[in-house]
Amino acid sequence: MVKGLGKGIDALFREESVHMEDQVQQIALTKILENPFQPRKIFDETAITELSASIIEHGIIQPIIVRKKGRKYEIVVGERRFRAAKQAGLVEIPAIVKDFDEQQMMEVAILENLQREDLTPIEEADAYNSLINQLNFTQEDLAKRLGKSRPHIANLIRLLQLPEEIRELVNSGQLSMGHGRALLGLKNKRRIPEIAKKVIKDQLNVRQLEKLIQILNDDVSRETEKEKKDVHVQATESQLREYFGTQVQIKKVKNKGKIEIEFYSDDDLHRILEILKLEEQ
C-alpha cells in the first residue's frame, strides 16, 4: 500500500476489483490501445527502459488490465508495463479482460495512478478535475476516498488556473507546486509568465517568491496597514490562506473588522463556497 492513500482499489471499487479467479490471457500488443483516460502525460523514459530490462530477464509478473473495445482492447491499468513490453520486443502480454463501462474505466485508471503518488502536481490536478467534472465527485468525496485533505485537493485544482506555459513548467519540475500556488496570488495575472521566468533565472524559493509577490501586490498604504497588524492576526491570515488556497486579509478598525477572501474566476468562487459548504447541492 502506498503511503498517504488510506484505501486501495479494492476498497474504492468493489464491483470493479480484480480478483484471484480472473482469467489471464495472452493478448497481442498490436491489438492493445492506450487508455484515453490516462491522467499521466509524462512517462519517464529511463524508468520504462529499466522496466523493459527487467521484463526481458524476469518476464511480466503482474498482468495488465484491459477492456474490450471492438476488435481490440483498451488499457485500464498497466500502460507502463505495456510500453516496456513493446520496448522489450514482446509480441504479446498477459492481461485480464474486465467488463468496464467508461465511468468505471476512468475511475480505476485515474485512482490507480493517484495511488502510485508519482504524478506531477498538474497531472494530479487534472485527475481530480476529471473525477469532479466528468463523474460528479465532490472535493469532499475525493478527500474521503483518497485519504487526502480537502485543502490539498482544492489547492492542486487551483493550479489549473495557471497559464498553459506555466503549467508546463510545473509539469517539467522547473517550478514547484508551491511556486505555482504563489504565482496565482499575483494580482496582475498578465505578469505571471514574467515572474515565473525570474523565479527560474534567479532560482527563487517559494518564500522568496511570496515576498516578491507581496511587494508587487501591495501599494504603500497597504504596506503601512500590514505593518500595524499584530503577529496573531498575521498568523491567522496565513492559516486562512493555506486553508482556502487564496489571498485572505483580516482588516480591523477599532472594535470592528472584516475578512476578505479573494477569488479570480467563477470556478474559483464555487471552489471557495464548496469549502465553506455553501455551494448548492
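Please refer to the structure higher up on the page.
Parameters at a glance
- Residues numbered from 1 in each chain as written.
- Predicted model: local features only at pLDDT ≥ 70, side-chain atom pairs only at ≥ 80, totals over all residues.
- Heavy atoms only, no water.
- Helix = DSSP H or I, 4+ residues; strand = E, 2+ residues; numbered from the N terminus.
- Buried < 20%, exposed > 50% of the residue type's maximum accessible area, 1.4 Å probe, protein only.
- Areas by Shrake-Rupley, 256 points an atom, 1.4 Å probe, with all protein chains shown as cover.
- Core = buried A, V, L, I, M, F, W, Y, C linked by side-chain atoms within 4.5 Å.
- Contact = heavy atoms within 4.5 Å.
- Phe/Tyr/Trp six-rings, centres within 6.5 Å; stacked < 30°, edge-to-face > 60°.
- Lys NZ or Arg CZ within 6 Å of the ring centre and 35° of its normal.
- Axes fitted to C-alpha atoms, helices over the stretch in contact; angles between N-to-C directions.
- Nonpolar A, V, L, I, M, F, W, Y, C, P; charged D, E, K, R; others polar.
- Pairing = 2+ DSSP bridges.
- Polar contact = N/O pair within 3.5 Å; in protein donor to acceptor, adjacent residues only side chain to side chain.
- Expected span 1.5 Å × (residues − 1).
- Arc of directions from axis to C-beta.
- Salt bridge = Lys/Arg side-chain N within 4 Å of Asp/Glu carboxyl O.

Colleague: Whenever I open this one, the overall build of the protein confuses me. Can you help?
Modeller: Scanning the protein from N- to C-terminus turns up 14 helices and 7 strands. Out of the 281 residues in the protein, the part that is buried amounts to 43%. Of the roughly 16,300 Å² of accessible surface on the protein, 49% is carried by carbon and sulfur atoms.

Colleague: Can you help me understand the nonpolar core in this one?
Modeller: Note on soluble globular proteins: their nonpolar side chains tend to be buried together. If you look at the biggest cluster of nonpolar residues, it comprises 44 residues, and the most contacted ones within it are Leu114, Tyr128, Leu131, Leu142, Ile166, Leu175 and Leu183. The contact partners of Tyr128, leaving out residues within four places of it in the chain, are Leu114, Leu142, Leu146, Lys148, His152, Ile153, Leu156 and Ile157. By size, the runner-up hydrophobic cluster in this structure holds 16 residues, among which are Ile60, Val66, Tyr73 and Phe82.

Colleague: Explain the packing of aromatic side chains here, please?
Modeller: The geometry of an aromatic ring pair comes down to the distance between the two centres and the angle between the two planes. Tallied over the full model, the rule gives 1 aromatic pair. Measuring from ring centre to ring centre gives 5.1 Å for Tyr243 and Phe244, while their planes differ by 85°; the resulting arrangement is edge-to-face. Residue Tyr243 is classed as partly exposed on the basis of its relative accessible area, which comes to 38%. With relative accessibility at 6%, the residue Phe244 sits in the buried group. When the ring centre of Tyr73 is taken as origin, the NZ or CZ atom of Lys68, which lies over that ring, is 4.9 Å away.

Colleague: Looking at this structure, how should I read the packing of helix 5 (residues 121–135) against helix 8 (residues 164–171)?
Modeller: Each pair of packed helices gets described by two things: the angle between the helix axes and the distance between those axes. Two numbers describe how helix 5 lies on helix 8: the axes approach to 7 Å, and their chain directions differ by 115°. Contacts between helix 5 and helix 8 pair Pro121, Ile122 and Glu123 from the former with Arg167, Val170 and Asn171 from the latter. Looking at the contact of helix 5 with helix 8 residue by residue, the classes come out as 3 nonpolar, 1 polar and 2 charged.

Colleague: Help me understand the sheet that holds strand 2 (residues 32–33) in this model?
Modeller: Two modes of strand pairing occur in sheets, parallel and antiparallel, and in both the strands are linked by backbone hydrogen bonds. Spatially, 5 strands are ordered 1-5-3-4-2 in an open sheet, and the strand pairing comes out mixed. On the outer flanks of this sheet lie strand 1 (24–28) and strand 2, each paired with one strand and no other. Two strands pair when backbone bridges link them, and strand 1 and strand 5 (residues 92–97) are joined in this way by 5 bridges, in the antiparallel orientation. Paired with Ile27 across the two strands is Ile93, which belongs to strand 5. On the sheet, helix 3 (residues 79–87) packs against strand 2, strand 3 (64–69), strand 4 (72–77) and strand 5 and is oriented at approximately 125° with respect to strand 4.

Colleague: Any chance you could explain the side chain of Thr246 here in plain terms?
Modeller: Checked against the element boundaries, Thr246 lands in the loop between helix 13 (231–244) and strand 6 (248–253). Within the structure, Thr246 has its side chain in polar contact with the backbone oxygen of Glu262 (distance 2.8 Å). Setting aside chain neighbours within four positions, we find Thr246 in contact with Arg158, Arg241, Ile261, Glu262, Tyr264, Arg271 and Ile272.

Colleague: It is not clear to me how helix 13 should be interpreted in this structure. Could you clarify?
Modeller: One turn of an α-helix holds 3.6 residues; hence residues three or four places apart share an orientation. For helix 13, with 14 residues, the first-to-last C-alpha span of 20 Å sits near the 20 Å given by 1.5 Å per residue. Buried residues of helix 13: Val233, Glu237 and Phe244, and no others. Along the axis of helix 13, the buried residues cluster in a sector spanning 45°; they form a single face. More than 90 degrees from the buried face of helix 13, the exposed residues found are Val231, His232 and Gln239. Positive phi shows up at Gly245, right after helix 13, with a value of about 65°.

Colleague: Would you take a moment to explain the pattern of salt bridges for this structure?
Modeller: Two side chains of opposite charge can pair, provided their charged atoms sit close to one another. In total, this model carries 13 salt bridges according to the counting rule given. Arg67 is the salt-bridge partner of Glu74, the closest N and O atoms lying 3.1 Å from each other. When its relative accessible area of 7% is taken as the criterion, Glu74 is described as buried. Relative accessible area serves as the criterion here: at 6%, Arg67 is assigned to the buried category.

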